[in-house]
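Inside the fold
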Amino acid sequence: MDNRRDEENKNEQTSTIFITNFQNGETINYSLVLIKGLITAGPCNNNKIRCTVDSNGNKHTSDWDVCNREFKTIVSLKLGENCIEFEYVDQIKVIKLSYEPRRTNLRVCPVYIICQGHDGCFQSPPDVDNSIESACKRIAIGAKIIQSLTAEKLFESGVGRKTFQLEHEVNQKRESCIVFKSNLNVNKARKMRQGELWTHFGRELMLSDLGSNDRKFLGFISCTRFKGTDVDKPMTHEEIVGLTEAYAALGGGGLALFGTACMYTWPNSVEEIIPRFLDSTPVNSKRFMDDSGYRGTLGACFATTLGSVFHELGHTFDLGHTKDGIMGRGFDNIDRVFLVGDKRSALVKDNMNNYNGKPVQHSTVSLQRNINVTMNVAEPLRVLGPRSKTTLGNFASMSKSDIVRRSPNVTPITRPSSVYSTITNRLSESKKSLNRSNCNDSIYWTKNCAVLLSYHRWFNNEYGRERQAITRYLKFDKNRMMIISTAGIRIVEVRDESNGMVLDSYEFTNPLPEKRFLVPFTFSPKSKVLTIVVEDDLGNVLKQTFSY
């Protein structure tokens, strides 16, 4: 044993394989891990690095691309300690990561919704397995990717590697994706608008055995159907959506809801993730939905629709819209997070036109819709605890008035600087700063989003905080524009009520947060109705609309 430890120590000191985003011995609370690294010396003509994961004696080996000495691997961890070995030419690097889900009842529950009268098979080409089992595998993998992305992007933002827990991590008896049989008839569902579908399924889920304020649902509708077209000219995204029945891409409260017209482009295993992103096969746009940001390939469809899910799930965690970043229009390029070198897609920028001169298509934001679930509080929030019936997402009392028309707008929040350093020699003291700056993929949380999530109840240990959370006081006095919190204020956002756009934000990240804050009145006169969003140190969120 001592000889083996000596060998590992020697390997650590001499290896030219450098892991840029993880430290040896880290413990993380999610299972699908993106490990990034660089080859700092030696031959550069070898285009593959071998990764072997040893979990309690069970080994799994895979090969990954190396480009300009950069590599990325996607590793599926088992509970407990995992020994991960990287081998490149004659160099070896070993790190250990432990996977331990947080102790919490708060979870995201992936569900595959099958309407009455539908067989549960999603729309796909004939050579694709579109069974219920296949759908659940694809949804489960997608949920794990988003869980991992959330953590990695928060880490790069400097607030720590935090993320939500999935249903099967909180309750191991549950499947990684739950099949939910709806009472809604398939023919009726295909005639409903996406806001109506969101309201119906949200209410139905909350009134079912799964219903709980401790769950947020990530739902996918099995019966989504692109009707097809004989039109030869390229169509706009709005025209494509107009030809798609039971389509949805909406998130808020306790439900993020999506159609499955592009589900056939998603992977059903970890091994398929990279090949799916790289799939340059053109979409058969006359027969199947093209939701690719006008890029027209199956890989781009997977990237854009996965990014859309990422964005909409963010709304369920109380995030608003931002000018750029994940909660803006910066989710089309999600494949860049996982690919290296020239294999990364060309950037689809926020305001640019695509190569054909058309406005860049965004599956969610271009629809100008977002669910706005607000809680107008007249009295101090003395009951906003982890299991309070007043928490957001009470679908049983939702009405159509809760669905608000959204239109794209801009926000003064600026993008944080993103620096990527190419390492050509040994790295030592710069290791920690590199970890946060090694993000040359254009996907990021804006500062306000990162701070809000870092203190969010769904992202922190719940146990031991319930009594404090119930007894804390959080209030917004709109007459004085004063926020008062006994737990301490962590973030204040002012949003345009008409579109959920964050107009201004104020973050308080010092160890001792502010207890009172006077909101500066510096907002555009175009926005007559505003929403104030406040999060305290315990993750309680207050949303209150006011006019001026």
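Residues numbered from 1 in each chain as written. Predicted model: local features only at pLDDT ≥ 70, side-chain atom pairs only at ≥ 80, totals over all residues. Heavy atoms only, no water.

In the nomenclature of an unreviewed UniProt entry, the chain is known as (African queen) hypothetical protein of Danaus chrysippus.

1. Remarks on the overall build of the chain
Put simply, the rule is: Helix and strand labels come from DSSP, where a helix needs a run of H or I of at least four residues and a strand needs a run of E of at least two; each type is numbered from the N terminus. Three exposure classes are used, based on accessible area relative to the maximum for each residue type with a 1.4 Å probe and protein chains only: buried under 20%, partly exposed in between, and exposed over 50%. The contact criterion used is simple: two residues touch if any of their non-hydrogen atoms lie within 4.5 Å. Every accessible area reported is derived by Shrake-Rupley at a probe size of 1.4 Å, with residue values counting cover from the shown protein chains alone.
Helix and strand counts for the chain stand at 11 helices and 23 strands. When the 548 residues of the chain are sorted by exposure, 60% land in the buried category. The long-range fraction of contacts in the chain, counting pairs at least 24 apart against all pairs at least 6 apart in sequence, stands at 71%. For the chain, the computed accessible surface area is about 23,200 Å², with 47% contributed by carbon and sulfur atoms.

2. Here we look at the sheet that holds strand β5 (residues 58-67)
Put simply, the rule is: For two strands to count as paired, DSSP must find a minimum of two bridges between them.
Strand order in the open sheet made by the 8 strands is β1-β3-β6-β5-β4-β7-β8-β2, with mixed pairing throughout. Only two strands of the sheet have a single partner each, and these edge strands are β1 (17-19) and β2 (27-28). Of the strand pairs in this sheet, β5 and strand β6 (residues 70-76) are connected by 2 bridges, and their pairing is antiparallel. Looking across to β6, one finds that V66 is bridged to F71.

3. Comments concerning unusual backbone geometry
Unlike most non-glycine residues, N56 shows phi in positive territory, near 55°. Looking at where N56 falls in the secondary structure, it is placed in the loop between β4 (48-55) and β5. Phi is positive for N68, which is not a glycine, with a value near 50°. Within the fold, N68 resides in the loop between β5 and β6.

4. Looking at the packing of helix α2 (residues 132-157) against helix α8 (residues 298-316)
The condition is simple: Here, axes are lines fitted to C-alpha atoms. For helices the fit covers the stretch in contact, and angles between N-to-C directions go from 0 to 180 degrees. With the far helix as reference, a near helix turned anticlockwise by less than a right angle produces a left-handed crossing, and one turned clockwise produces a right-handed crossing. In this classification, Asp, Glu, Lys and Arg are treated as charged, Ala, Val, Leu, Ile, Met, Phe, Trp, Tyr, Cys and Pro as nonpolar, and every other residue, Gly included, as polar.
Here α2 crosses α8 at 65°, and the two axes come no closer than 10 Å. Considering only the axes of α2 and α8, their crossing is right-handed. Along its contact with α2, which presents G142, I145, I146, L149 and T150, the element α8 presents F302, L306, V309, F310 and L313. Broken down by class, the residue content of the contact of α2 with α8 amounts to 8 nonpolar, 2 polar and no charged.

5. What to know about the sheet that holds strand β10 (residues 178-185)
The strand order across the open sheet formed by 5 strands is β10-β9-β11-β15-β14, and the pairing between neighbours is mixed. Each edge of the open sheet carries a strand with a single partner, namely β10 and β14 (249-252). For this sheet, the mean angle separating the axes of adjacent strands, direction not counted, is 20°. For β14 and strand β15 (residues 255-258), the ladder comprises 4 bridges, and the chain directions are antiparallel. Opposite G251, over in β15, you have A256 as the bridge partner. Along the sheet face, α2 touches β9 (107-116), β10 and β11 (215-221) and points at about 155° away from the line of β9.

6. Considering the layout of surface pockets
This is how it is decided: Every definition here rests on a 1 Å grid over the protein atoms only: cavities are sets of points where a 1.4 Å probe fits but cannot get out, pockets are open sets enclosed by protein on both sides within 12 Å along at least five of seven lines, and lining residues have some atom within 4 Å of a point. Grid points are joined across faces, edges and corners, and a volume is the space filled by probe spheres set on the points.
Taken as a whole, the largest pocket encloses approximately 680 Å³ of empty space. Those elements giving two or more residues to the lining of the largest pocket turn out to be β4, β5, β6, α2, α3 (167-170) and α7 (273-277). Broken down by element, the residue count for the lining of the largest pocket peaks at 5 residues, all from β5.

7. Remarks on the pairing of β15
Alternating residues of β15 divide into L255 and L257 and A256 and F258, and every residue in both groups is buried. One ladder, built from 4 bridges, connects β11 with β15; its direction is parallel. If you follow F220 over to β15, its bridge partner there is F258. Here β14 hands over to β15 after 2 residues, with G253 in that stretch at a positive phi of 60°.

8. Some thoughts on the pairing of strand β8 (residues 91-99)
In this structure, β2 lies alongside β8, joined through 2 bridges in parallel fashion. Bridging from a neighbouring strand, I28 pairs with Y99 of β8. As defined by bridge partners, strand β7 (residues 80-88) adjoins β8 across 9 bridges and the pair is classed as antiparallel. Within β8, the position partnered with G80 by the bridge is Y99.

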